Amino acid sequence: MSTNGHDPGAGLAVRCRGMRKHFGSVAAVDGVDLDVRTGEILGLLGPNGAGKTTAIRVLTTLLPPDGGEVLVFGRDATADPFGVRRLIGYVPQQLSADGSLSGRENVGLFARLFDVPRRERAARTDEVLRVVGLADVADRLASTYSGGMVRRLELAQALVSNPRLLVLDEPTIGLDPVGRDSVWERVHELRHELDMTVLVTTHYMEEADEHCDRVAIMHRGRIEAVGEPGALKAAIGPEATLEDVFRRHSGHEFEEGGDLRDVRSTRRTARRLG
Amino acid sequence: MSAPLVARPAGSVDPRTSAPGALRWFASRIVTFCVVELQKLRHDRTELATRAIQPALWLLIFGKTFSELRAVETEGLPYLDYLAPGVLAQSTLFVAVFYGIQVIWERDAGVLAKLLVTPTPPSAVVAGKGFAAGVRALVQVVVVVVLAALLGVHLELAPWRLVAAAVVSIVGAAFFATLSMTIAGLVLSRERVMGIGQAITMPLFFASNALYPTDAMPAWIRWFGTVNPLSYEVDALRGLLVGTDAHLWLDFAVVGGSLVAGVAVAAAVLPRLVR
């Protein structure tokens, strides 16, 4: 389980080669090669149903891959899932904080589950709540938080274990513009202040364009293009947008695809938070 | 940024490398889920009151009526004395048998995925949630013992008996919670967990010795009554709280063994919920 200098993925936060995941006859992830460089914000882009969430679930060890290699900071996700989990902070697509607990208790739960030593727990919890700007409301029930505040609380939950890689699945879905801005603002701060690598999935092209160092465009379980947003656009034409890039590489309109499950889970989240 | 956040996890810190370390670590996960349950109870105390209503009604309405009827052969005990431990066991069953619904809710809310991406194996999640149900069962122990005492039940109140009764109740509730989580992992929907939960509650309760001795049942129901873990929980509680002849070691072994099996099975099906 030890990391040595000869590991092929040693300099990278994430190294995927030929990653595959099937559900029955459907290849949700169909041979993905992807590198995430240490310290960058990489956006995994694609329409609903492109396989982004499945790719994330394999990367975070939630699902075993059917084939290929997945390394996180040189650790193999299949052989050493616990080692990988200790390096990852994960925020799922749904607003997943527990409304029947206070903000502080929500964070405290994950401090315990990541074996943060007891004498450091309170200080670490306070610290991450301060970092995401929730120190003043830490003792209120999370059910009283706005959508943007819940997202920031989830960032605090993901940060309390002091991960090296932050994995965010559609972090701004269902948020109003103010909430979206506040989430991205925190992500940038975290990257700079905590030296964090960020892997984020989104289907909002403009957000990826504005906030990601590099983007990987995913379509039908495959990575179609990877690069800096500016370079990808420039290769197409002077006025090109990331949507044009997507269209060029996939041969499809961006809106195509769509997955009823995404819609359902978003609705459920909306209903649950009243 | 301040110091605590700069320190990174140092390599593969895995407390499971030695057997005592693994046990302590597994126990720490269980404690974590129990702490969360206590925090939730502190925020919503109405739950405590509403959970007390059902056992109170069973003791008052069913218990008082059947005391008058004298229809049940109760090993020479007043019927209310005979019934009180049964009602306690029943209320630990009811606390736990719909726990699977919470797990489905957590699946829908992304919470389960988040828990399973921490260094916590499914068995620890399942055991933790089982004992969290046990925390609620502990509340039921207090409620039923106090109610029974108020209604004039002759209780044995030696501290070791109360502690042992609390342990049996917690382990019993934890088992029924793992049963419910197993159902959740198999049927994957809230409505079906609800339906199956209701369908199994009735035979678990009525085909046990909670309300009447299993001797009074037709043979095939008596057979179910003797493999029903609730019967052993009731037997232990009755022996501990009202001093009947109980097979305490057998009862503890059956209830504890059921929990171990329940954790193993529920842990095997839990990951189905995040696929």
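Residues numbered from 1 in each chain as written. Chains lettered and ligands numbered in written order. Predicted model: local features only at pLDDT ≥ 70, side-chain atom pairs only at ≥ 80, totals over all residues.

Glancing now at the overall build of chain B. Tallying secondary structure elements over chain B gives 11 helices and zero strands in all. Helices (α) and strands (β) of chain B occur, in sequence order from the N terminus, as α-α-α-α-α-α-α-α-α-α-α. Its C-alpha atoms give chain B a radius of gyration of 20 Å, near enough to 19 Å, the size a compact globule of 275 residues would have. Seen through its principal axes, chain B has C-alpha atoms that stretch 70 × 40 × 35 Å. Counting all 275 residues of chain B, 45% fall into the buried class. (Helix = DSSP H or I, 4+ residues; strand = E, 2+ residues; numbered from the N terminus. Rg over C-alpha atoms; globule rule 2.2 N^0.38 Å. Buried ≥ 20, exposed ≤ 12 C-beta atoms within 10 Å, placed from the backbone.)

Residues and elements named next belong to chain A. For strand 1 (residues 12-23) and strand 2 (residues 26-37), the ladder comprises nine bridges, and the chain directions are antiparallel. Looking across to strand 2, one finds that Val-14 is bridged to Val-36. If you look at the hairpin formed by strand 1 and strand 2, you'll find two residues sitting between the two strands, and Gly-24 has a positive phi there, around 60 degrees. Examined bridge by bridge, strand 1 and strand 4 (residues 67-72) share five bridges and lie antiparallel to one another. Directly across from Arg-17, in strand 4, lies its bridge partner Glu-69. (Pairing = 2+ DSSP bridges.)

Let's shift gears to the environment of B:Val144. Residue and element names in this part refer to chain B. Looking at where Val-144 falls in the secondary structure, it is placed in helix 6 (residues 122-150). Once the C-alpha coordinates of Val-144 and Leu-88 are considered, the two residues, 56 residues apart in sequence, prove to be 6.0 Å apart. When sequence neighbours within four positions are dropped, the list of residues in contact with Val-144 reads Pro-55, Ala-84, Val-87, Leu-88 and Ser-91. (Contact = placed C-beta atoms within 7 Å.)

Residue and element names in this part refer to chain B. Overall, the predicted model of chain B reaches an average pLDDT of 90, with 94% of residues at or above 70. In the model of chain B, helix 2 (residues 46-69) stands out as the element of lowest mean pLDDT, 88, in contrast to helix 11 (residues 248-269), which has the highest, 97. Considering only residues more than four positions removed or in separate chains, one finds that residues 1-13, a stretch of pLDDT under 50, has 19 contacts. Across the interfaces of the predicted complex, the ipTM metric reaches 0.87, alongside a pTM of 0.88. (pLDDT = per-residue confidence, 0-100.)

What follows deals with the nonpolar core. Among the nonpolar cores identified, the biggest contains 154 residues, and A:Val72, A:Ala156, B:Ala84 and B:Ala96 are the most heavily contacted of them. The greatest single-element share of this core, amounting to 15 residues, is contributed by helix 6 of chain B. If sequence neighbours within four positions are ignored, A:Ala156 has contacts with A:Val107, A:Val128, A:Leu129, A:Val132 and A:Leu134. (Core = buried A, V, L, I, M, F, W, Y, C linked by C-beta atoms within 7 Å.)

Right, let's get into the sheet that holds strand 2 of chain A. Strand pairing in a sheet takes place through backbone hydrogen bonds and is either antiparallel or parallel in direction. Pairing in this open sheet of four strands is antiparallel, and the strands run 2-1-4-5 (chain A) from one edge to the other. Strands at the two margins of the open sheet, each flanked by one partner only, are strand 2 and strand 5 (75-76) of chain A.

This brings us to the confidence of the model for chain A. Residues and elements named next belong to chain A. With 89% of its residues at a pLDDT of 70 or more, chain A shows a mean pLDDT of 87. By mean pLDDT, the top-scoring element of chain A is helix 3 (residues 103-113) (97), and the lowest-scoring one is helix 10 (residues 260-272) (49). Here residues 256-260 scores under 50 on pLDDT; set against residues more than four positions off or in separate chains, the count is 10 contacts.

All names here are of chain B. The terminal C-alpha atoms of helix 8 (residues 190-206), which comprises 17 residues, lie 25 Å apart, in line with the 24 Å expected from a rise of 1.5 Å per residue. Where helix 8 is concerned, the buried positions are Val-193, Gly-197 and Leu-204. The buried residues of helix 8 occupy one face: seen down the axis, they fall within an arc of 45 degrees. Within helix 8, the exposed residues directed more than 90 degrees away from the buried face are Glu-191, Gln-198, Ala-199 and Met-202. Against helix 3 (79-96), helix 4 (99-108), helix 7 (159-187) and helix 10 (229-242) lie the buried residues of helix 8. (Expected span 1.5 Å × (residues − 1). Arc of directions from axis to C-beta.)

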